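Okay, here's what each chain looks like letter by letter:
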Amino acid sequence: MAGNNSVVGGAVSLAQINEKVIIVQMLVSIFLCINSLLIITFFKKECFYTTARYILFALTLLSDSLMLFMSDILLILNHFGISMQVWMCIIISVVVLVYYIVTPVTLTVMTLERYVAICMPLRHAELCSTRSAMHCILIIHGLSSVPCIVVLSTFFASASLSLYKQYRLCSVEMFMLYRWQDRVRSAVHQYYFLIMVIIIVFAYVKIMKAAKAASGEDKKSSWKGLRTVILHGFQLLLCLIQLWCPFIETAVFQIDFMLFINVRYSNYILFNLTPRCLSPLIYGLRDETFFHALKNYVLYKSDI
């Protein structure tokens, strides 16, 4: 009887896990379709790919899509217990680690762009030109690579040569051979997000002062910019919470395995998918110019 109960319980648990995987796949598919539509719209009008804030918006769309696609592949592989050689996992993890940071760094740069547009309008054309946006993209990727370099450097310094040919389930936690490596990674991420929060709070305060002092159309534009900064701050908060998820999951894993699975998938949806779903909302729907271009493209395709 006890054996039958354990089999039934195991079957129910497996069904629950499969159900969560299906839900995640549906959400990721919807998100990638929306992003693809927005990226196509971005390239349809010249004013988009020659304007700094739209270029940075497109960068968030591309980085979010790549990040979700790669992390979803790892999720599926781990779900089915498919292992790979460590050296191959390193190549995949480089993309995931870099583009995990690209989005919040880009959000911070977009916040600074709004600050310049509202508080320094006379210098906006000079500081936020297309050329400057291209330079910003290079700087963003350079800054986003630092945490990845730190994680892999500590791993290379600690791992033996034989480890690279072994087969393992691919995850970022695989590179944490010692507890101090996990602490170093956490410290670097916390430092990054502390700087980002300081920048966003600074921009928020400055834009708020400008909004209170402005009048007419300038006042409307300033308050709209302020709401954009608030949404960027909320995105960063969700990204910051995601850094604490591994600590929560480790503690829960020692209590109950099914609870651990539930917490992991909940964290993935809330703190991985959600902040990356806000980018289309902020510019794809709230920006009137982009929204009209998107609407016209959809209507044009529906008429064909």
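About the cut-offs
- Once a new chain begins, its residue numbering starts again from 1 and follows that chain's sequence as written.
- Two thresholds apply to this predicted model, a pLDDT of at least 70 for residue-level local features and 80 or more for giving and counting side-chain atom pairs, whereas whole-chain, interface and lining totals are computed over all residues.
- To obtain the side-chain values, all non-hydrogen atoms of the structure were used and water was disregarded.
- By the criteria applied, helices consist of DSSP H or I runs no shorter than four residues and strands consist of E runs no shorter than two, each listed in order from the N terminus.
- Working definition: with a 1.4 Å probe on protein chains only, accessible area under 20% of the residue-type maximum means buried, over 50% means exposed, and in between means partly exposed.
- Throughout, a contact is declared for two residues whenever any of their heavy atoms are within 4.5 Å.
- Areas reported as accessible are Shrake-Rupley estimates using a 1.4 Å probe. Residue values count occlusion only from the protein chains shown.
- Joining through side-chain atoms within 4.5 Å is the link that ties buried Ala, Val, Leu, Ile, Met, Phe, Trp, Tyr and Cys residues into a set, and such a set is a nonpolar core.
- Note: pLDDT gives the predictor's confidence per residue, expressed from 0 to 100.
- Pairs were defined over the aromatic rings of Phe, Tyr and Trp, the Trp ring being its six-membered one, requiring ring centres within 6.5 Å. Orientation was assigned from the angle between planes: stacked under 30 degrees, edge-to-face over 60, tilted for the rest.
- Patch building starts from residues that exceed 30% relative accessible area and form no salt bridge, then joins like charges within 9 Å and nonpolar side chains (Val, Leu, Ile, Met, Phe, Trp, Tyr) within 5 Å.
- What counts as a salt bridge is simple: a side-chain nitrogen of Lys or Arg found within 4 Å of a carboxyl oxygen of Asp or Glu.
- Every axis corresponds to a line fitted to the C-alpha atoms, with the helix fit spanning only the stretch in contact, and the corresponding angles, defined between N-to-C directions, vary from 0 to 180 degrees.
- An angle below 35 degrees is treated as roughly parallel, one above 145 as roughly antiparallel, one from 65 to 115 as roughly perpendicular, and anything else as oblique.
- Left-handed describes a crossing in which the near helix is turned anticlockwise from the far one by less than a right angle; the clockwise case is right-handed.

1. Observations concerning the overall build of the protein chain
Then step 1. Scanning the protein chain from N- to C-terminus turns up 10 helices and 2 strands.
Then step 2. Starting at the N terminus and walking to the C terminus, you meet the elements of the protein chain as α-α-α-β-α-α-α-β-α-α-α-α.
Then step 3. The proportion of buried residues among the 304 residues of the protein chain is 43%.
Then step 4. In the protein chain, the proportion of contacts linking residues at least 24 apart, taken out of those at least 6 apart, comes to 78%.
Then step 5. A total of about 16100 Å² of accessible surface is found on the protein chain, and carbon and sulfur atoms cover 69% of it.

2. A closer look at the nonpolar core
Then step 1. In this structure, Phe 42, Val 86, Ile 90, Ile 140, Phe 155, Phe 175 and Phe 290 are the most contacted members of the largest nonpolar core, which totals 66 residues.
Then step 2. Of all the secondary structure elements, the ones that give two or more residues to this core are helix H1 (2-42), helix H3 (52-79), helix H4 (86-119), helix H6 (130-158), helix H7 (179-213), helix H8 (216-253) and helix H10 (288-303).
Then step 3. Residues within four places of Phe 155 in sequence aside, it is in contact with Val 86, Ile 90, Leu 163, Tyr 164, Met 174, Phe 175, Leu 177 and Gln 181.
Then step 4. One finds Val 21, Val 24, Leu 75 and Leu 273 within the second-largest nonpolar core, a separate group that totals 9 residues.

3. Some points on the environment of Asp 287
Then step 1. Among the secondary structure elements, Asp 287 is positioned in the loop between helix H9 (257-285) and H10.
Then step 2. Along the sequence, Asp 287 and Lys 224 sit 63 residues apart, while their C-alpha atoms lie 9.9 Å from each other.

4. Some points on the confidence of the model for the protein chain
Then step 1. Per-residue confidence for the protein chain averages 80 on the pLDDT scale, and 84% of its residues sit at or above 70.
Then step 2. In the model of the protein chain, H8 stands out as the element of lowest mean pLDDT, 70, in contrast to H6, which has the highest, 92.
Then step 3. Between residues 1-12, whose pLDDT stays under 50, and residues either more than four places distant or in other chains, the model counts 0 contacts.

5. Side note on the packing of aromatic side chains
Then step 1. Summed over all chains, the structure comprises 12 aromatic pairs.
Then step 2. Considering the side-chain rings of Phe 48 and Phe 290, the 4.9 Å spacing of their centres and the 40 degrees angle between planes classify their relative orientation as tilted. With Phe 48 in helix H2 (residues 46-49) and Phe 290 in helix H10, this residue pair connects regions lying 242 residues apart in the sequence. With respect to burial, Phe 48 and Phe 290 carry one shared label: buried.

6. Some thoughts on a nonpolar patch on the surface
Then step 1. A cluster of nonpolar side chains, namely Tyr 191, Leu 194, Ile 195 and Ile 198, defines an oily patch on the protein surface of about 410 Å² accessible area.
Then step 2. Within the fold, Tyr 191 resides in helix H7.

7. Focus on the pattern of salt bridges
Then step 1. Applying the stated criterion to the full structure yields 3 salt bridges.
Then step 2. Its salt-bridge partner being Arg 123, residue Glu 126 comes within 3.6 Å of it at the nearest N-O pair. Residue Glu 126 and its partner Arg 123 are both found in helix H5 (residues 121-127); the two are separated by 3 residues, about one turn of the helix.
Then step 3. The exposure class assigned to Arg 123 is partly exposed, which follows from its relative accessible area of 39%.
Then step 4. Where Arg 185 meets Asp 182, a salt bridge forms, and the shortest distance between an N and an O atom there is 2.9 Å. Of the two residues, Arg 185 and Asp 182 are both situated in helix H7; the distance of 3 residues between them amounts to about one turn of the helix.

8. Considering the side chain of Glu 113
Then step 1. Positionally, Glu 113 belongs in helix H4.
Then step 2. Once you skip the residues sitting within four places of it in the chain, Glu 113 turns out to touch Arg 53, His 124 and Cys 128.

9. Remarks on the side chain of Ser 144
Then step 1. Relative to the helices and strands, Ser 144 is located in helix H6.
Then step 2. Here Ser 144 is in contact with Leu 97, Val 98, Ile 101, Val 102 and Val 105, once residues within four sequence places are set aside.

10. Observations regarding the packing of H3 against H6
Then step 1. Interhelical geometry of H3 versus H6 gives an angle of 30 degrees and a closest axis separation of 9 Å. Classified by the interaxial angle, the pair formed by H3 and H6 is roughly parallel. Regarding H3 and H6, the two cross each other, and that crossing is right-handed. For the pair H3 and H6, contact is made by Ala 52, Ile 55, Leu 56 and Leu 59 and by Thr 130, Ala 133, Met 134, Ile 137, Ile 140 and His 141, respectively.

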